[in-house]
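Structural features, examined
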Amino acid sequence: MNLQLAVLIGYSALFIGFGFFVSRRVKKADDFLVAGRSLGPGLLAATFLAANIGAGSTVGATGLGYVYGIGAWWWVGCAGIGSFILANTVGPKIWTLAAKNGWRTVGDFLDYRYHRSVRGLIALLLWMGTLMILAGQLIAISQILEVVVGLPKWQGCWIGGIVVTAYFAAGGLMTSARVNVIQLSVKLTGFALAVPFGIAAAGGWAALEPAIHASSPVGARGVLSYIAILVPSFIISPGLIQKLYGARSARAVRIGVNWNALGLIVFAFAPAILGVIAHSRYPALTNRELALPMVMTRLMPGWLGLLTLAAVFSAEVSTSDAILFMLSSSLSVDLYKTFVRPEASDRDLLRISRMTAVVGAFFGILLAVQLPSVISALQIFYTLMAVALSAPLIVGLYFQRPTAARAIVAIAGSVSITALTQFLTGGAGLWILPPSAIGILSGFVIMITP
């Protein structure tokens, strides 16, 4: 058997087994959905960082580094900026309300603040968008397996989907938060070693300077596009907010999410540099998202190649479980219990949460087989989430005047304006503002206009 494949199989078996071991503690829906509200700062930081360093932050960001050089920092760096804002504003405030009212999802807040119609609309929109980001992670897994083992894309997508579903469906957030500690340790160690070894293999930093100078500039419009899409997404992401519901205190939220923000801001340099290394050594790649697997398998010593392989695999799988968490909680709580069977017992809700995780994974796999790239999948999700949810969540959290009708108009208006601007300008936007920024600003204007 291929040694690299054997390592992945053994590594997957390790955290699947650990996940099933932890899942024995899951006795009720609160354990599955919010980890019994028991996470301290360290565990919260680990599960946040593990979720946030995924396909986009590794395979996708290295592909951006291949084209844009160090400017690719902005892709992951914007996630760190958004996380810093979440840690010190929205996060502690919404955790306090969630602990007081027993909320399990962002939909619980939207129902409480507006009406269940707003909850249902956001749940449907984000469920479709969330399938996109799950597909993005599975595409990244398939690309790794394509380079390492030669598997076709569809087989890699199925393997990735089965691995992550196996341990997440067993125990939800209770399981994934603890499995994420293993995955995060491996991925941070792998990337911390990959950068200096990669620079050395390329001939030192001086040898990379031609590739840096030859890279395309991200430009002000590109930076603003990343800011508009990613910063709001990491402030209002239902998956991240539901993870912080699992914290044991508002203080744990502040400390844990700030640690996560710092980790992202520092980590953002790693994929950008690895992209430059790939461009220096392999300037003719037809698919830029193969840059990281190429560096990992061709430039690293054997032992480090195995470690970085496990690190990248950890990144995709750990983010996939966060997405399954968002999918299952949205379907089970925001749709099933709210609209289909309000009288569902705690036991029923736990069973449905596990079932919907499996269903969500199935559709994510089918979508992954069809979508062309990681970044294309993630941009669809981040744009939809940021545009639809930013204004209703943030304005509703700090101001009491806007009504449910106003929130629905803001959601529909901001999504429609974004789509119309995208169509009429060919994605260029107006002035220096990308379509997503125009849509988000429109939502805020609708929400606060008397």
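The preceding data block contains the structure.
So, a few notes on the structure that sits alongside this text. Predicted, not measured: the structure shown is a model, and the values here were computed from it.

Quick look at the overall build of the chain now. Broken down by element type, the chain carries 20 helices and zero strands. A globule of 450 residues ought to have a C-alpha radius of gyration of about 22 Å, and the chain, at 21 Å, matches this closely. A principal-axis box enclosing the C-alpha atoms of the chain has dimensions of 60 × 55 × 40 Å. When the 450 residues of the chain are sorted by exposure, 61% land in the buried category. By sequence separation, contacts in the chain at least 24 residues apart represent 86% of the contacts at least 6 residues apart. Carbon and sulfur atoms make up 69% of the accessible area of the chain, which totals about 16200 Å².

Look at helix H1 (residues 3–22): 29 Å from first C-alpha to last across 20 residues, which is about the 28 Å you get at 1.5 Å a residue. Of the positions making up H1, those classed as buried are Leu 8, Tyr 11, Ser 12, Phe 15, Ile 16, Gly 19 and Val 22. Down the axis of H1, the buried set is contained in an arc of 130 degrees. They therefore lie on one face. Looking at the packing, one finds that the buried side of H1 touches helix H8 (116–148), helix H9 (153–201) and helix H16 (302–340).

Another aspect to go through is the packing of helix H6 (residues 90–101) against helix H13 (residues 250–267). Interaxial distance between H6 and H13 falls to 9 Å at its minimum, and their mutual angle equals 150 degrees. What the angle tells us is that H6 and H13 run roughly antiparallel. The way H6 lies across H13 gives a crossing that is right-handed. For the pair formed by H6 and H13, the contact residues are Gly 91, Pro 92, Trp 95 and Thr 96 on the first element and Ala 250, Val 253 and Arg 254 on the second. Of the residues that constitute the contact of H6 with H13, the class distribution is four nonpolar, two polar and one charged.

Conventions we followed
- Residues numbered from 1 in each chain as written.
- Predicted model: local features only at pLDDT ≥ 70, side-chain atom pairs only at ≥ 80, totals over all residues.
- Heavy atoms only, no water.
- Helix = DSSP H or I, 4+ residues; strand = E, 2+ residues; numbered from the N terminus.
- Rg over C-alpha atoms; globule rule 2.2 N^0.38 Å.
- Buried < 20%, exposed > 50% of the residue type's maximum accessible area, 1.4 Å probe, protein only.
- Contact = heavy atoms within 4.5 Å.
- Areas by Shrake-Rupley, 256 points an atom, 1.4 Å probe, with all protein chains shown as cover.
- Expected span 1.5 Å × (residues − 1).
- Arc of directions from axis to C-beta.
- Axes fitted to C-alpha atoms, helices over the stretch in contact; angles between N-to-C directions.
- Parallel < 35°, antiparallel > 145°, perpendicular 65-115°, else oblique.
- Left-handed = near helix turned anticlockwise from the far one by under 90°.
- Nonpolar A, V, L, I, M, F, W, Y, C, P; charged D, E, K, R; others polar.

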